[in-house]
Each structure stands twice: as C-alpha cells, then as structure tokens.
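Topology and contacts: notes
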There are 2 protein chains.
Amino acid sequence: MGKTMSTPEALIELLRQSGRKMTPQRRAIIELLVHDTTHPTAEEIYQRAAAMMPDMSRATVYNTLHELVALGGLVETHEFSESGIRYDTNLDPHHHLFCIHCHALVDISHDFAEITLPPREAAGYQIIRHQITFYGLCPTCQERNKEQASPSNT
Amino acid sequence: MGKTMSTPEALIELLRQSGRKMTPQRRAIIELLVHDTTHPTAEEIYQRAAAMMPDMSRATVYNTLHELVALGGLVETHEFSESGIRYDTNLDPHHHLFCIHCHALVDISHDFAEITLPPREAAGYQIIRHQITFYGLCPTCQERNKEQASPSNT
DNA sequence: TTTTATTTTATAATTATTATAAATTAGTAA
DNA sequence: TTACTAATTTATAATAATTATAAAATAAAA
Ligand SMILES: [Mn+2]
Ligand SMILES: [Mn+2]
Ligand SMILES: [Zn+2]
Ligand SMILES: [Zn+2]
C-alpha cells in the first residue's frame, strides 16, 4: 500500500533534476515534512524549522512547499483549512479521518470497493479520482467528551 | 432526496425564533443564498448583494452567514477554499463533484450507503459521518481542453 | 578562486476574515 | 403614531495567511 510516500532522497532528487540548488533550508524542510504525518500547515513547518535554524524565513518555507508541490513531491490538502493549507507527503490516492474537535487528520490507506458515480449523477463531468473523508472524534477527544458532558463544535 | 434544502421562509423562521430582527439586508442575503447552488463564498454573496443594495457591507454578509450557520440553516464547506469558505443551503448529507480546473462545485444526492470503514482502520475514531468528493473536469472545461489539444478556431 | 544565477531574507502588499464602535433601525409599547 | 431601546448595520481598524519585491547571501559551475 504506502508505496509513494516521499523520502528525503526522492524529494532532493526532484529538486536536483529540475535544476535547483540544494540548500540547508530546503534540506531541513524536507526532513521535517517526511517525518511528520500530521498534515502540517506552512506555519507549523516554519515554527519547527525555525526552532532548528533560527534564520529561517517564512518566505523560504512557502517557496519550498510550492516548489515541491509543483514537482509532484508533495500534496496540498485544502479540505480542512481552518488554519491554512495542510501538506501531505503521502502521494498515494488515499482517504482521511478528521477529528471534528481537535482537527487531527489521519490517513486511511484502506481501498474501498468500487465507488462509482452513476453517469446520470455525474452532470457531464469527466471524473478523475475521488476521495472520502470520515468525520468523527479521535480517541483523545472521545475521552474528553466523556469526562465533561459539555457540547462542542461542528 | 433534497428535503432539507433551505427555503427563504425556513431561514427567516430560524432567525425569528432565535429572537432576531428581520432586516432588508438579511432578507436579500437569504434570497441570494437559496437561489444559488454554486456554493458561493462570502465575497461572492457580498458582490451580488451589493449590486442590489449598494449600502450593503461585508460585515453584514459575514455576520448573517455566521448566524445562519450557528442556527443550522446553512453549512460551511472548508473543502475547496482556495478563495474562502463556501456556503451550502443543502443541509442533507450529500457528496460533491469538484472541477479541478474552474473549481465549479456541484451536489451529488446519490446515496452510496454501503461505505463503512473497517474498525482496524479507524484508529480508534468514533465516526460520525463521511463525505465523498469526486474530482474531475466539468463539461465546459472538457471542451476547452479539447480545443487546446486540436488547434482549429477561435 | 571567481563568477553568476539562484536563493534567502526582510519587508511590504494582498486577501479573507474578525473586531470595534458610532450611527441607524426593527420591533415594541405607550 | 410616536417614542424608546436593544439589535443591527456600517465604516473602519485589526489580524492572519499568503504572496510579491528587492537587496544581500550563497551553491554550483567555470
Ligand atoms: Mn493524507
Ligand atoms: Mn453541497
Ligand atoms: Zn480530536
Ligand atoms: Zn470546470
């Protein structure tokens, strides 16, 4: 299953092959990305990168993320952008589990049998792929809900 | 099928029952919302409302949208927010068709009932609902792609 | 080592959204 | 119908995420 998960080597190679220079900043961002499965935002990546390289600038983080996306080594997830676009190094088609309380986002690699849209429902669209999102409560938030019988958000 | 699609009367009633005043601005925004199936953004609603009521302010549009969402008469879609949250008066659980080229967003009312996540894949999440998004090209964008491929006219 | 195009950084600009506070008004009661 | 008052609208400022710009720094080639 998880075949196309990006490695640092693969991403560095992508940059090299497109004629780009390797820099310590890009290397650091790539390392952070591939070791983070939480679908972090640009700001989160910046914060972690800046902790190691204090001179790191946000522009470099944004630039590097955009380059990697353009080169196909990284995927943007616009689906849960309450606080910015989230990035994903899992390049396989996959689905997601989203905690409606704490916004944790987890990959699902399970392959669902034949979800096909009846042509009459397709409104003339040429369908390329589909993605399922499961909304629910993560284990941590279930616990918190039990402890305090207080309602929360969407 | 679309039995929970909001009507102007239903939305006005929601506001009334929550002790709010009816204003021409709110009425105009509600009318626009229920007659627009494109999942418009706040800015798009503002532009259309301002065309009819030149004194309309963005704050009123944002306030009204948030009120209706809080009262359950309107749904926010964070999924395709390349240019802001999009709003949906279709309150039934439903799926979407998204054009990756022009970002048109269309409802799918078809019921794919038999999609269940195996417990071992659920990572301990308590699942509340799921939503499928089909990504593809709308009829218009398919045409444009064909024209580009075979250069003939216009 | 020198050169140079690329990259990084600091900074400003832009866009979507939220906050604030003064002016207006819907709904109510005299 | 008029006056009252709390809710609403508006203009404006503030904030947050992102993009643009241009000078300083540097990776890679010569
Ligand atoms: Mn993912
Ligand atoms: Mn919809
Ligand atoms: Zn959670
Ligand atoms: Zn299209």
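Anything mentioned here points back to the structure above.
For the structure given in this document, a descriptive report is provided here. (Residues numbered from 1 in each chain as written. Chains lettered and ligands numbered in written order. Predicted model: local features only at pLDDT ≥ 70, side-chain atom pairs only at ≥ 80, totals over all residues. Heavy atoms only, no water.)

**Concerning the interface of chain B and chain A**
To keep things clear, this is the line we draw: Only heavy atoms enter the contact rule, under which two residues are in contact if any of them lie within 4.5 Å. Summed over both partners, the accessible area (1.4 Å probe) lost when two parts come together is defined as the buried area. The term salt bridge refers to a side-chain nitrogen of Lys or Arg lying within 4 Å of a carboxyl oxygen of Asp or Glu. Helix numbering and strand numbering both begin at the N terminus, where a helix is a DSSP run of H or I of at least 4 residues and a strand a DSSP run of E of at least 2.
Listed by partner, the interface residues are 40 residues for chain B and 40 residues for chain A. Between chain B and chain A, the buried area comes to about 3500 Å², and carbon and sulfur atoms account for 63% of it. Our count for the chain B to chain A interface comes out at 0 salt bridges. The set of elements that each furnish at least two residues to the side of chain B that touches chain A consists of β3 (95–99), β4 (105–108), β5 (126–137) and α5 (139–149) of chain B.

**Quick look at the coordination of the manganese ion (ligand 2)**
Residue and element names in this part refer to chain B. Note the cut-off: Each metal's donors are the N, O and S atoms within 2.8 Å of it, or within 3.2 Å when it is Na, K or Ca, and because water is not part of the set, sites may look incomplete. Using a 1.4 Å probe on the protein chains alone, a residue whose accessible area is under 20% of its type maximum counts as buried, one over 50% counts as exposed, and one in between counts as partly exposed.
Protein-derived coordination of the manganese ion (ligand 2) comes from His-39 (NE2), Asp-88 (OD), His-94 (NE2), His-96 (NE2) and Asp-107 (OD), at a distance range of 1.9 to 2.2 Å. Along the chain, the residues donating to the manganese ion (ligand 2) fall in the pattern H-x48-D-x5-H-x1-H-x10-D. With His-39 in the loop between α2 (24–34) and α3 (42–52) and Asp-88 in strand β2 (residues 86–88), the pair connects residues that are 49 residues apart, well separated along the chain. As far as the burial class goes, His-39 and Asp-88 line up, both buried.

**A word on the pattern of salt bridges**
All names here are of chain A. Counting across every chain of the model gives 8 salt bridges over all chains. Here Arg-20 ties to Glu-67 by a salt bridge, and the two come within 3.9 Å at their closest N and O atoms. Here Arg-20 is found in the loop between α1 (8–17) and α2 (24–34), whereas its partner Glu-67 is found in helix α4 (residues 58–70), with 47 residues between them in sequence. With relative accessibility at 32%, the residue Arg-20 sits in the partly exposed group. If you follow the salt bridges from partner to partner, you end up with Arg-20, Arg-26 and Glu-67 in one network.

**Considering the protein's contact with DNA strand C**
Using the following cut-off: Here, proximity means that at least one heavy atom of the residue falls within 4 Å of the molecule or strand. Polar contacts, as counted here, are pairs of nitrogen or oxygen atoms within 3.5 Å of one another; within protein the pair requires one atom able to donate a hydrogen and one able to accept it, and residues that are adjacent in sequence qualify only if both atoms are side-chain atoms. Residues are grouped as follows: Ala, Val, Leu, Ile, Met, Phe, Trp, Tyr, Cys and Pro are nonpolar; Asp, Glu, Lys and Arg are charged; all remaining types, including Gly, are polar.
The immediate surroundings of DNA strand C are formed by 17 residues, with Thr-23, Arg-26 and Thr-60 of chain A together with Tyr-62 and His-66 of chain B found nearest. The protein-proximal atoms of DNA strand C, defined as those within 4 Å of the protein, are 77% sugar or phosphate. Within the side chain of Lys-21 of chain B, an N or O atom sits 3.0 Å from a base nitrogen of DNA strand C. At 3.1 Å from a phosphate oxygen of DNA strand C is found a side-chain nitrogen or oxygen belonging to His-66 of chain B. At the level of secondary structure, the elements contributing two or more residues to the surface near DNA strand C comprise α2 and α4 of chain A together with α4 (58–70) of chain B. Its residues placed into classes, the surface near DNA strand C shows 6 nonpolar, 6 polar and 5 charged.

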